[in-house]
Amino acid sequence: YNGCLASGDKGRRRSRLALSRRPHANGVKPDVLHHISTPLVSKALSNRGQHSISYTLSRSHSVIVEYTHDSDTDMFQIGRSTENMIDFVVTDTSPGGGAAEGPSAQSTISRYACRILCDRRPPYTARIYAAGFDASSNIFLGERAAKWRTPDGLMDGLTTNGVLVMHPAGGFSEDSAPGVWREISVCGNVYTLRDSRSAQQRGKLVENESNVLQDGSLIDLCGATLLWRTPAGLLRAPTLKQLEAQRQEANAARPQCPVGLSTLAFPSPARGRTAPDKQQPWVYVRCGHVHGYHGWGCRRERGPQERECPLCRLVGPYVPLWLGQEAGLCLDPGPPSHAFAPCGHVCSEKTARYWAQTPLPHGTHAFHAACPFCGAWLTGEHGCVRLIFQGPLD
């Protein structure tokens, strides 16, 4: 999202969440494993104060792993549920930045999608695990869920739609490159991707990789993708003051529409993303030429959004430009020189090129590069375009 949810940030449902050390540790760690008859599972899990994970192996046999308090970690849970044990409520993001918030929208995000355990002492290492504990402090993996015994006699499993993680190569900086998508298990082990998102057969164990989150790690919950930033990493990102200074600097250059000769200006983010105003810059996303809004050049035979650029005659989408306002999504504080195609969100060149080459999971086994500010799938050869402004004639 571009700074906040489309409907506004409210409580635990917001576009970003800062994790900080809790007054009292609430982390948990595995303790005791029990073999039990499946019909007796609900009775065995009746203690709400006891965290546990139940693995149903058959109609007659289940394994319950009890968890005990861990005074060295804080636990944060993420999911679709609005219950109190969920710290960060997430909803499905549709391409273009809308949130599927209506009751009729079929969500693919789990109510208790994942949990993050952070060390309470420096360097505050954060680890991610699939699935979160419900209101009864339990995690249930039913008969159809992918689950197995580990070589050391313990249990592990995967959630229905899975929790995927990608760590960028080279960290989240100007030299970053996308990494490889992996799946994280309920116990935090790393596996290659399944053949499809909800297949029962797990991928291969990746022994030389871990579930430790790094600056720039992407977490996909099958319907929403989260970006993990560290305090050290955010020091390299632009601040909101820098983004505002860049907006004012761009406007101070008095860019002009090369045809209408009107002065263009990026609107203040305080306006919110409503209808474009009269001075809003628009761009032909195939060539990058920036104009003011006009109504000519339509090529209806090519589609309702297709326009012909009056400067170079290339035909393609013609959209308003919007400055990217979520600083945490930016790799560097570079000038706003590039726009994503076809949505028109503007950011630095390195930020645009990084996201344009980063495939994000979509559906059961597809991947698409998407605009980080609105989720729109990127199009064209490069997914972004360099903006060509015309300065004032005087």
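Residues numbered from 1 in each chain as written. Predicted model: local features only at pLDDT ≥ 70, side-chain atom pairs only at ≥ 80, totals over all residues. Heavy atoms only, no water.

**Structural notes on the overall build of the protein chain**
The condition that has to hold: The secondary structure listing takes helices from DSSP runs of H or I that are at least 4 residues long and strands from runs of E that are at least 2 residues long, numbered from the N terminus. A simple rule labels every residue: compare its accessible area, found with a 1.4 Å probe on the protein chains alone, to the largest value its type can have, and call it buried under 20%, exposed over 50%, or partly exposed in between. A 1.4 Å probe and the Shrake-Rupley method give the accessible areas. Residues count as covered only by the protein chains that appear here. For this count, His and the chain ends are skipped, Lys and Arg are scored as positive, and Asp and Glu as negative. Charged groups are reduced to one reference atom each: NZ for lysine, CZ for arginine, CG for aspartic acid, CD for glutamic acid.
Secondary structure assignment for the protein chain yields four helices and 27 strands. Taking the principal axes of its C-alpha atoms as reference, the protein chain extends roughly 80 × 45 × 40 Å. The 394 residues of the protein chain split such that 48% are buried. Carbon and sulfur atoms form 51% of the exposed surface of the protein chain, whose accessible area is close to 19400 Å². Looking at the protein chain, you have 42 positive and 34 negative side-chain charges, and the mean spots of the two groups are 4 Å apart.

**Quick notes on the environment of V165**
Where we set the bar: The contact rule is simple, with two residues in contact once any of their heavy atoms fall within 4.5 Å.
Its location among the elements puts V165 in strand β13 (residues 163-166). Through-space distance from the C-alpha of V165 to that of T225 is 9.4 Å; in sequence the pair is 60 residues apart. Those residues in contact with V165, other than ones at most four positions away along the chain, are I128, V180, W181, R182, I184, L218 and I219.

**Things to note about the pattern of salt bridges**
Using the following cut-off: The term salt bridge refers to a side-chain nitrogen of Lys or Arg lying within 4 Å of a carboxyl oxygen of Asp or Glu.
According to the stated counting rule, one finds 14 salt bridges in the structure shown. As a salt-bridge pair, D74 and R120 come within 2.8 Å of each other at their nearest N and O atoms. With D74 in strand β4 (residues 73-79) and R120 in the loop between β8 (114-119) and β9 (126-130), this pair connects stretches of sequence that are 46 residues apart. For the pair formed by D74 and R120, the shared burial category is buried. Note that R182 is salt-bridged to E209, the shortest N-O span being 3.0 Å. Of this pair, R182 sits in strand β14 (residues 181-184) while E209 sits in the loop between β15 (190-191) and β16 (218-220); the two residues are 27 residues apart in sequence, bridging distant segments of the chain.

**Examining the sheet that holds strand β23 (residues 338-340)**
Let me state the cut-off plainly: Strands are labelled as partners when DSSP assigns at least two bridges between them. Helix axes are fitted to C-alpha atoms over the stretch in contact, other axes to C-alpha atoms as well, and angles between N-to-C directions run from 0 to 180 degrees.
Strand order in the open sheet made by the four strands is β22-β24-β23-β27, with mixed pairing throughout. The open sheet has two edge strands, β22 (322-323) and β27 (384-386), and neither has a second partner. In the sheet, β23 pairs with β27 via three bridges, with the strands oriented antiparallel. The residue bridging H338 from the neighbouring strand is R386, located in β27. Contacts from helix α4 (residues 349-356) reach β23, β24 (345-347) and β27 within the one sheet, and its direction differs from that of β23 by about 30 degrees.

**Focus on the sheet that holds β14**
Taken in spatial order, the five strands line up as β15-β14-β13-β16-β17 in an open sheet, and their pairing is antiparallel. Two strands lie at the open edges of the sheet, namely β15 and β17 (225-227), each paired on one side alone.

**With respect to the state of the cysteines**
Inclusion rule: The disulfide criterion used throughout: a pair of cysteine sulfur atoms within 2.5 Å.
Under the counting rule described, the total for this entry stands at zero disulfides. Residue C343 stays outside any disulfide, its sulfur separated by 3.6 Å from that of C371, the closest cysteine. A residue is classified by how much of its surface remains accessible, and C343, at 11% relative accessible area, is buried.

**So, the nonpolar core**
The condition is simple: Within this scheme, the nonpolar core is defined by two criteria: the residues are buried Ala, Val, Leu, Ile, Met, Phe, Trp, Tyr or Cys, and they are joined through side-chain atoms within 4.5 Å.
Core analysis: the largest hydrophobic core is formed by 38 residues, its most contacted members being Y55, I78, I116, I128, I219 and L221. Contributions of two or more residues to this core are made by β2 (52-56), β3 (62-70), β4, β8, β9, β10 (138-141) and β13. Ranked by size, the runner-up nonpolar core spans 24 residues in total, among them W181, L218, C347 and A370.

**Section: the domain arrangement of the protein chain**
Under the convention used in this document: Domain delimitation follows an automatic or database domain assignment. By buried area we mean the combined loss of accessible area, with a 1.4 Å probe, across both parts when two parts are placed together.
Examined at the domain level, the protein chain breaks down into domain 1 (28-236) and domain 2 (240-386). Measuring from the centre of the C-alpha atoms in domain 1 to the corresponding centre in domain 2 gives 35 Å. Counting from both sides, the interface comprises 26 residues of domain 1 and, opposite them, 22 residues of domain 2. Between domain 1 and domain 2 the total buried area reaches about 1800 Å² when both faces are included, carbon and sulfur atoms providing 66% of it. By the criterion of area lost to domain 2, the three top residues of domain 1 are F172, E174 and P178, representing 27% of everything that side buries.

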